[in-house]
Protein chains: 2
Amino acid sequence: MAAGIYDVARRAGVSVATVSRSYTVPEAVREATRERVLRTAAELGYQPNRAARGLITGRTGNVGVIVPDLANPYFQGVLKGAQAQAREADYAVFVADGQESAAEEEALIGAMTKQVDGILLCSSRLEPSALAGLESAPAVVLLNRRIDGLSTVTVDSGDGMRQAMAHLAELGHRRCAFLAGPRRSWSNQQRLRGLRAAAKAAHAEIVTIGPVAPQFEGGVNAAEQVLASDVTAVLAYNDLVAAGMLSRLAQLGVEVPAQLSVLGFDDIPLAAMLTPALTTVSAPTVQAGAAAVDALLSRLEQPDAPPTAQQLAATLVVRETTGLPRAGHSLHLTNQGAV
Amino acid sequence: MAAGIYDVARRAGVSVATVSRSYTVPEAVREATRERVLRTAAELGYQPNRAARGLITGRTGNVGVIVPDLANPYFQGVLKGAQAQAREADYAVFVADGQESAAEEEALIGAMTKQVDGILLCSSRLEPSALAGLESAPAVVLLNRRIDGLSTVTVDSGDGMRQAMAHLAELGHRRCAFLAGPRRSWSNQQRLRGLRAAAKAAHAEIVTIGPVAPQFEGGVNAAEQVLASDVTAVLAYNDLVAAGMLSRLAQLGVEVPAQLSVLGFDDIPLAAMLTPALTTVSAPTVQAGAAAVDALLSRLEQPDAPPTAQQLAATLVVRETTGLPRAGHSLHLTNQGAV
DNA sequence: ATGAAAGCGCTAACAT
DNA sequence: ATGTTAGCGCTTTCAT
């Protein structure tokens, strides 16, 4: 069997209290003693049992990460960053997939609560009222969502959109489409707001299309509508939508960026892998995941400190899907509907 | 504070044992009593503390999933499937990122061991000897790796390669390149073996290039070498490599599939999003993750049952990057090295 | 600086 | 069918 604290204590000729202290309050035990204890522990392959420890300290050493969809590449970066940061601080991480459902998310929070010290809720699908009720129990940090009373980490997507629009305006675009994401999504609202403000400043016109499903298919399905709207550029809700758009445009024989400029949002790895490579606004997902865990852990250190609201910068990454607007004529489709 | 079992017991007018039994051996308590207990528990918002339970039962109700790289889309599917299946059985899942390092992986296993009932090791970077030493402690299931004495879930990638080669042969390709993955990788060996056998059967010739990094860049960097090798088709180690290949080929002005056919492996979501869409061998990642957790859980039920070795079928998905071989002339590069 | 002993919240014998 | 009680492996007063 695995060695327990008593085995180590006996073998090292000390009491269990000393063994325990060697780990938790090292400075309270004489160096020679501690060394002997640790060496003995290593020999026996002893590791303190976290569950037993948690029972008495009230801390589990775990954090939970809940995302709406584990298959979404956006959350992959977040998870990677969160995991790395947690492990750094010697925390283990539970993951759970909310399946894009508020109810499931709530159930997961409930199930997780007792097993973690804190929960990182990513792009929560919960109602603001449900979120507001989370101020207690384990610490909670929100990613991509802002609610009073909770610590949050957000990406300045409004400014990201401003950069995107400024880029388009500089190229000469004056009439652009925005392929909107889910209407109630916080991120969508931020992006649209930032875009509208920037468009106004640039004396450009925005036609909003959608909402479309924030997936590849959403972009595929919206392509015709975009073409019909007589714009010279389209800003998609996210990279997945932009990718779908690009795919359908290629089928239709529309050249990007010669005939239409396309922008994404998020800069998931896919963006750089497309041909032409997608110009997009980079949201620092890995960094955001790490920052959120940071916020969570410091909340655990100082439960009474006021909640923090960190905002990360988004940065435009110009690649190959944006260019000068086509001359003042509308689009001719050469390859209507071909596969 | 959160209610404990004693609070529930007192309020329901029963002993703690009855409360406990209402959860763990419901049939051993009179229905009326159990109902009352459960109702009381609900009123108090009581939920059994899993850590305390685990301390005595020796079971944590957790499983761990270790992947070499959380940012790799392949493992995203695996994780999604594993998580769903685990939750189904009311298990929580720990994730950890091995950072492509055998040492880190080993450290993670050590750190996790005490906190989980079983570990799912995905595409482990560990030496066979290290793996063989894992037969004890928590249950272990291997994904994409086969070792005697351990339960495994693998994808029949040899047969996947056979399908791919058969498809190419039918189109008329007789000289194809294989962009090899890491030489020591189990998956790479399986794929190469399957490919060689199928090529022999089809009287086709395989030129092996690489090993290349199993990433987008690996494909980008290998493109020139592939072009120089005078093949009419190239089978990449995985979709990421194929995507890099495609990207570079487009830059070089090589038309796919007219001048060169390209195949990937895995069928990660990216494959369908590329233009032209990638023909690839679909490895059922989500299903594999779920099957592996299944294997893990049944191992927990019956620790003495012999280890199982499940093999999942791979299926060729023909999309747009494969076609007839170009006529018998070599490739002319029209756009050498352009961006 | 170290040890003895009392629990943390729960389950599993063992009673009744 | 239900209650009593002894721990699970550890941390933490309180002594020494």
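Scroll up to find the structure.
Conventions used here
- Residues numbered from 1 in each chain as written.
- Chains lettered and ligands numbered in written order.
- Predicted model: local features only at pLDDT ≥ 70, side-chain atom pairs only at ≥ 80, totals over all residues.
- Heavy atoms only, no water.
- Helix = DSSP H or I, 4+ residues; strand = E, 2+ residues; numbered from the N terminus.
- Rg over C-alpha atoms; globule rule 2.2 N^0.38 Å.
- Buried < 20%, exposed > 50% of the residue type's maximum accessible area, 1.4 Å probe, protein only.
- Contact = heavy atoms within 4.5 Å.
- Areas by Shrake-Rupley, 256 points an atom, 1.4 Å probe, with all protein chains shown as cover.
- Lys, Arg positive; Asp, Glu negative; His and termini not counted.
- Charge placed at Lys NZ, Arg CZ, Asp CG, Glu CD.
- Polar contact = N/O pair within 3.5 Å; in protein donor to acceptor, adjacent residues only side chain to side chain.
- Near = heavy atom within 4 Å.
- Pairing = 2+ DSSP bridges.
- Right-handed = clockwise from strand over helix to strand, strands pointing away.
- Axes fitted to C-alpha atoms, helices over the stretch in contact; angles between N-to-C directions.
- Parallel < 35°, antiparallel > 145°, perpendicular 65-115°, else oblique.
- Nonpolar A, V, L, I, M, F, W, Y, C, P; charged D, E, K, R; others polar.
- Core = buried A, V, L, I, M, F, W, Y, C linked by side-chain atoms within 4.5 Å.

In this section: the overall build of chain A. Helix and strand counts for chain A stand at 13 helices and twelve strands. Over its C-alpha trace chain A gives a radius of gyration of 26 Å, far above what one expects of a compact globule, namely 20 Å for 339 residues. Dimensions of chain A along its principal axes, counting C-alpha atoms only, are 90 × 40 × 35 Å. Considering chain A as a whole, with its 339 residues, one finds that 53% of them fall into the buried category. Partitioning the contacts of chain A with sequence separation of at least 6, the portion at a separation of at least 24 is 69%. Here chain A displays about 14,500 Å² of accessible surface, and carbon together with sulfur accounts for 51% of that area. Separation between the mean location of the 29 positive side-chain charges and that of the 32 negative ones in chain A comes to 4 Å.

This part is about the environment of Asp-97 of chain A. In this fold, Asp-97 of chain A is placed in strand S2 (residues 92–97). By relative accessible area, Asp-97 of chain A is classed as buried at 3%. Here Asp-97 of chain A is in contact with Val-67, Pro-68, Asp-69, Leu-70, Glu-104 and Leu-108 of chain A together with Lys-80 and Gln-83 of chain B, once residues within four sequence places are set aside. At 2.7 Å, the side chain of Asp-97 of chain A and the backbone nitrogen of Gln-99 of chain A are in polar contact.

Let's shift gears to the protein's contact with DNA strand C. The immediate surroundings of DNA strand C are formed by 27 residues, with Thr-18, Arg-21 and Thr-33 of chain A together with Ile-5 and Arg-53 of chain B found nearest. In DNA strand C, atoms within 4 Å of the protein come from the sugar-phosphate backbone in 62% of cases. For DNA strand C, a phosphate oxygen lies 2.6 Å from a polar atom in the side chain of Thr-18 of chain A. One nitrogen or oxygen atom from the main chain of Ala-52 of chain B is found 3.2 Å from a base nitrogen belonging to DNA strand C.

Turning our eyes to something else, we now look at the pairing of strand S1 (residues 62–67) of chain A. Residues and elements named next belong to chain A. Among the six residues in S1, six count as buried, and that is most of the element. Burial of the side chains of S1 extends over both faces: Asn-62, Gly-64 and Ile-66 are buried on one face and Val-63, Val-65 and Val-67 on the other. By the bridge criterion, six bridges tie S1 to S2 in an arrangement that is parallel. Looking at S2, one finds that Val-65 is bridged to Val-95. After leaving S1, the chain enters helix H5 (residues 73–88) and then returns to the sheet as S2, a path that is right-handed. Bridging between S1 and strand S3 (residues 118–122) involves four bridges; their strand directions are parallel. By the bridge assignment, Val-63 is partnered in S3 with Gly-118.

All names here are of chain B. Between helix H1 (residues 5–12) and helix H2 (residues 16–24), whose axes approach to 8 Å, the crossing angle comes to 105°. Taken together, H1 and H2 sit at an angle that is classed as roughly perpendicular. Here Ile-5, Tyr-6, Val-8 and Ala-9 of H1 come into contact with H2, specifically with Val-16, Val-19 and Ser-20. For the contact of H1 with H2, the class distribution of residues is six nonpolar, one polar and no charged.

On to the nonpolar core, then. In a soluble, globular protein the nonpolar side chains are often hidden away together inside. Counting 101 residues, the largest nonpolar core has Leu-120, Met-165 and Leu-235 of chain A together with Leu-120, Met-165 and Leu-235 of chain B as the members making the most contacts within it. Excluding anything up to four places from it in sequence, Leu-120 of chain A contacts Gly-64, Val-65, Ile-66, Ala-82, Val-141, Leu-143, Gly-289, Ala-292, Val-293 and Leu-296 of chain A. Val-241, Leu-260, Ile-268 and Leu-278 of chain A belong to the second-largest nonpolar core, a separate cluster that totals 62 residues.

This part takes up the sheet that holds strand S7 (residues 205–209) of chain A. Residue and element names in this part refer to chain A. Pairing is mixed in the open sheet, where six strands are placed in the order S7-S6-S8-S9-S10-S12. Only two strands of the sheet have a single partner each, and these edge strands are S7 and strand S12 (315–317). Between one strand and the next, the sheet's axes are offset by a mean angle of 25°, whatever the strand orientation. Of the pairings in the sheet, the one linking strand S9 (residues 261–266) to strand S10 (residues 279–282) comprises four bridges and is parallel in character. Looking at the pairing, Gly-264 lines up with Thr-280 of S10.

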